[in-house]
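Chain by chain, the residues run as shown.
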There are 2 protein chains.
Amino acid sequence: MYKDTNKRSVLKGLSWRVFATTTTVIIVYIFFGRLDLAIAAGIMETFSKVALYWAHERIWMKIKWGRKKIEPFNLWFTGLPLSGKSTIADAVFEELAKLDIPLERLDSKDIRDVIPDVGFSREDRNRHMHRIGHLIKTLQNNSVSTVASFVSPYKESRKAIREMVKNNIVVYVKADIETCKARDYKGVYEKALKGEIKNFSGINDIYEEPKQAEIVIDTDKTSVEEAVAIIIKYIKKNYVK
Amino acid sequence: MYKDTNKRSVLKGLSWRVFATTTTVIIVYIFFGRLDLAIAAGIMETFSKVALYWAHERIWMKIKWGRKKIEPFNLWFTGLPLSGKSTIADAVFEELAKLDIPLERLDSKDIRDVIPDVGFSREDRNRHMHRIGHLIKTLQNNSVSTVASFVSPYKESRKAIREMVKNNIVVYVKADIETCKARDYKGVYEKALKGEIKNFSGINDIYEEPKQAEIVIDTDKTSVEEAVAIIIKYIKKNYVK
């Protein structure tokens with residue numbers, strides 16, 4: 001959140017003066033037909049009004065009327081591990097940052113660093129989602145929109161998020177399990193297949209496909225750039241006017 | 001966070017016009033000595049400039065220059081259980097809300113509802129404090145100030161908070177252990193004395209007094225109202241100008 005500096009109010013006063021005094025000089029010239037006096041009146045006006053404009057700005061800064069609270073949204077990326085959620089979410093975050101709205105990026109990995117010892121059982125995951133929901137809600141209370149990417153394999157936890165937050169937009173990053181396995185640069189699928197990782201969504205734990213996602217990205221057919229374009233278009237149409 | 005509505009820009013244009021046209025009429029009258037023409041010029045100016053002012057406002061809304069990011073602070077209340085931390089913090093929060101700054105209240109109890117199963121051992125508490133620190137940091141990134149009340153009995157976790165967040169103000173709510181016991185409306189001191197609650201700060205676990213608190217409130221000598229006044233004065237002096 002920002003507030004106007006004194007300098008900004010002065011510069012606004014000066015830029016306004018360029019428009020306003022030009023108009024005054026033209027009006028006075030039309031009425032009296034004397035350009036010399038019109039210009040003299042313009043000069044006198046300039047000096048008196050820059051100060052007046054500054055004072056007017058500072059007074060309005062104290063007035064709350066006519067200020068609309070910015071409506072935050074939550075982009076919730078769900079999908080199998082290595083489906084491409086984080087990559088698309090990162091790119092979307094970068095684009096949204098250009099719109100100059102208050103924005104936070106929440107990613108599964110970073111959050112698990114902050115809140116350690118969270119298990120991967122159904123109950124653990126659901127409890128973890130509840131915490132994330134609380135964090136998003138707290139940020140939304142302060143007009144901050146969020147770009148969140150979590151595997152979030154269970155429908156009840158995605159439902160809990162939807163109930164906790166405002167303007168929830170589920171983006172289902174759909175990828176074939178074989179595609180994800182082929183992308184296995186972290187070696188996590190291999191470990192899961194060997195049984196070294198338990199409760200791994202898509203291998204030895206269920207991933208329940210979202211049925212009511214606002215946006216579905218089929219990564220087998222859609223490039224990252226195309227996905228970003230689709231999501232940004234959706235946000236601009238519905239939330240950032 | 002807020003943004004100006006169209007209506008606000010129009011009303012600003014009208015209120016400005018009252019000041020500005022009055023000045024113009026006076027100036028024109030001084031130069032030409034004819035009040036009738038001065039008023040006619042003023043009327044013509046009014047119509048042309050309200051629209052011009054509105055456009056000028058909307059253009060400036062797109063310009064970022066001269067907007068200063070609001071600097072957030074963290075009021076961190078520490079003290080024995082039932083020392084009066086939450087009561088004072090609640091009252092301070094209410095007062096600060098009047099200053100129209102982005103603000104969140106974080107209380108030990110509410111957070112433990114959201115992040116359950118957090119133990120009370122030294123290690124558990126320190127890890128818990130690290131999470132709270134992360135939450136405050138995320139809020140501060142978005143210009144949100146915080147009023148936090150946690151027993152936070154160990155110096156290392158208070159130090160960790162100080163290192164993680166900006167503009168940290170420790171308020172040590174000092175109360176004699178006997179006073180806290182006498183206030184034991186929750187019956188927690190009794191349970192701790194009987195050994196039914198383990199790791200209870202002040203009874204069967206240490207409370208390490210903060211040595212570098214920015215503000216110390218001695219609840220045996222200071223009323224809640226006086227405490228609030230001291231803290232608000234400190235905030236106004238140092239953070240909200």
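These numbers come from a predicted model, not from an experiment.

Conventions we followed
- Residues numbered from 1 in each chain as written.
- Chains lettered and ligands numbered in written order.
- Predicted model: local features only at pLDDT ≥ 70, side-chain atom pairs only at ≥ 80, totals over all residues.
- Helix = DSSP H or I, 4+ residues; strand = E, 2+ residues; numbered from the N terminus.
- Rg over C-alpha atoms; globule rule 2.2 N^0.38 Å.
- Buried ≥ 20, exposed ≤ 12 C-beta atoms within 10 Å, placed from the backbone.
- Contact = placed C-beta atoms within 7 Å.
- Least-squares fit on C-alpha atoms with pLDDT ≥ 70 in both.
- Expected span 1.5 Å × (residues − 1).
- Arc of directions from axis to C-beta.
- Pairing = 2+ DSSP bridges.
- Axes fitted to C-alpha atoms, helices over the stretch in contact; angles between N-to-C directions.
- Nonpolar A, V, L, I, M, F, W, Y, C, P; charged D, E, K, R; others polar.
- Left-handed = near helix turned anticlockwise from the far one by under 90°.

*Asks:* Quick question: what am I supposed to make of the overall build of chain A here?
*Replies:* Check the secondary structure of chain A and you find nine helices and seven strands. In terms of overall size, chain A is more extended than a compact globule, its C-alpha atoms giving a radius of gyration of 27 Å where 241 residues would be expected to give roughly 18 Å. In terms of overall dimensions, chain A has a C-alpha envelope of 90 × 35 × 30 Å along the principal axes. Considering chain A as a whole, with its 241 residues, one finds that 32% of them fall into the buried category. Long-range contacts, defined as pairs at least 24 residues apart, comprise 77% of the intrachain contacts of chain A with a sequence gap of at least 6.

*Asks:* Explanation requested: the relation of the copies chain B and chain A in the structure shown.
*Replies:* Each of the two chain copies can be generated from the other by rotation about an axis followed by a shift along it. Here chain B sits on chain A after a turn of 180° about the axis and a move of 0.0 Å along it, with an RMSD of 0.2 Å. The superposition operator between the copies reduces to a two-fold rotation axis.

*Asks:* How do you make sense of helix α5 (residues 122-141) of chain B when you look at a structure like this?
*Replies:* One turn of the α-helix equals 3.6 residues, which is why residues spaced by three or four share an orientation. All names here are of chain B. Its 20 residues give α5 an end-to-end C-alpha distance of 29 Å, which sits within 8% of 28 Å, the value for a rise of 1.5 Å per residue. The complete set of buried residues in α5 reads Arg125, His128, Met129, Ile132, Gly133, Leu135, Ile136 and Leu139. Considered in projection along α5, the buried side chains sweep an arc of 165° and stay on one side of the axis. In the stretch just after α5, serine 143 is the one whose phi turns positive, near 65°.

*Asks:* Which parts of the structure should I look at to understand the sheet that holds strand β4 (residues 103-107) of chain B?
*Replies:* Strand pairing in a sheet takes place through backbone hydrogen bonds and is either antiparallel or parallel in direction. Residue and element names in this part refer to chain B. The strand order across the open sheet formed by five strands is β4-β5-β3-β6-β7, and the pairing between neighbours is parallel. Strand pairing shows two members of the sheet lacking a second neighbour, β4 and β7 (215-218), which therefore form its edges. Pairwise comparison of adjacent strand axes, ignoring direction, gives a mean angle of 15° for this sheet. With four bridges joining them, strand β6 (residues 168-174) and β7 adopt parallel strand pairing. By the bridge assignment, tyrosine 172 is partnered in β7 with valine 216.

*Asks:* Got a minute to help me understand the sheet that holds strand β7 (residues 215-218) of chain A in this structure?
*Replies:* Residues and elements named next belong to chain A. A sheet is described by the order of its strands in space; here five strands give the open sequence β4-β5-β3-β6-β7, paired in parallel fashion. A single partner strand is all that each edge strand has here, and the edge strands are β4 (103-107) and β7. For this sheet, the mean inter-axis angle between neighbouring strands, taken without regard to orientation, is 15°. Examined bridge by bridge, β4 and strand β5 (residues 145-149) share five bridges and lie parallel to one another. For arginine 105, the partnering residue across the bridge sits in β5 and is valine 147. Relative to the sheet, helix α3 (residues 85-97) contacts β3 (74-78), β4, β5, β6 (168-174) and β7, its axis offset from that of β5 by approximately 165°.

*Asks:* Would you take a moment to explain the interface of chain B and chain A for this structure?
*Replies:* Accessible area lost during the coming together of the parts is what is often quoted as the interface size. Facing the 47 residues of chain B at the interface are 47 residues of chain A. Mapped by element, the contributors of at least two residues to the side of chain B that touches chain A are β1 (2-4), α1 (6-32), α2 (35-62), β2 (67-69) and α5 of chain B. Of the residues belonging to the side of chain B that touches chain A, the class tally is 25 nonpolar, 10 polar and 12 charged.

*Asks:* Explain the environment of B:Lys166 to me, please; I cannot follow it from the model alone.
*Replies:* Residues and elements named next belong to chain B. Along the chain, the position of lysine 166 falls in the loop between α6 (155-164) and β6. Exposure remark for lysine 166: the 14 C-beta atoms within 10 Å place this residue in the partly exposed category. On a C-alpha basis, the gap between lysine 166 and serine 145 in space is 9.7 Å, while along the polypeptide they are 21 residues apart. Setting aside anything within four residues of it in sequence, one finds lysine 166 in contact with Pro72 and Gln140.

*Asks:* What should I look at first to understand the packing of α1(B) against α2(B) in this one?
*Replies:* Two packed helices can be described by the angle between their axes and the distance between those axes. Residues and elements named next belong to chain B. Where α1 meets α2, the axes come as close as 8 Å, and the angle between the chain directions of the two elements is 150°. In terms of crossing hand, the pair formed by α1 and α2 is right-handed. Tallied by class, residues from the contact of α1 with α2 come to 15 nonpolar, six polar and six charged.

*Asks:* Help me understand α3(A), please; the structure alone is not making it clear to me.
*Replies:* Residue and element names in this part refer to chain A. Along its 13 residues, α3 runs 18 Å from first to last C-alpha, staying within 8% of the 18 Å computed at 1.5 Å per residue. Among all positions of α3, only Lys85, Ile88, Ala89, Val92 and Leu96 are buried. Within α3, the buried residues cover an arc of 100° as seen down the axis, which keeps them to one side. Facing away from the buried side of α3 by over 90 degrees, the exposed positions are Glu94 and Ala97. Each element contacted by the buried residues of α3 is listed here: β3, β4, β5, β6, β7 and α9 (224-238).

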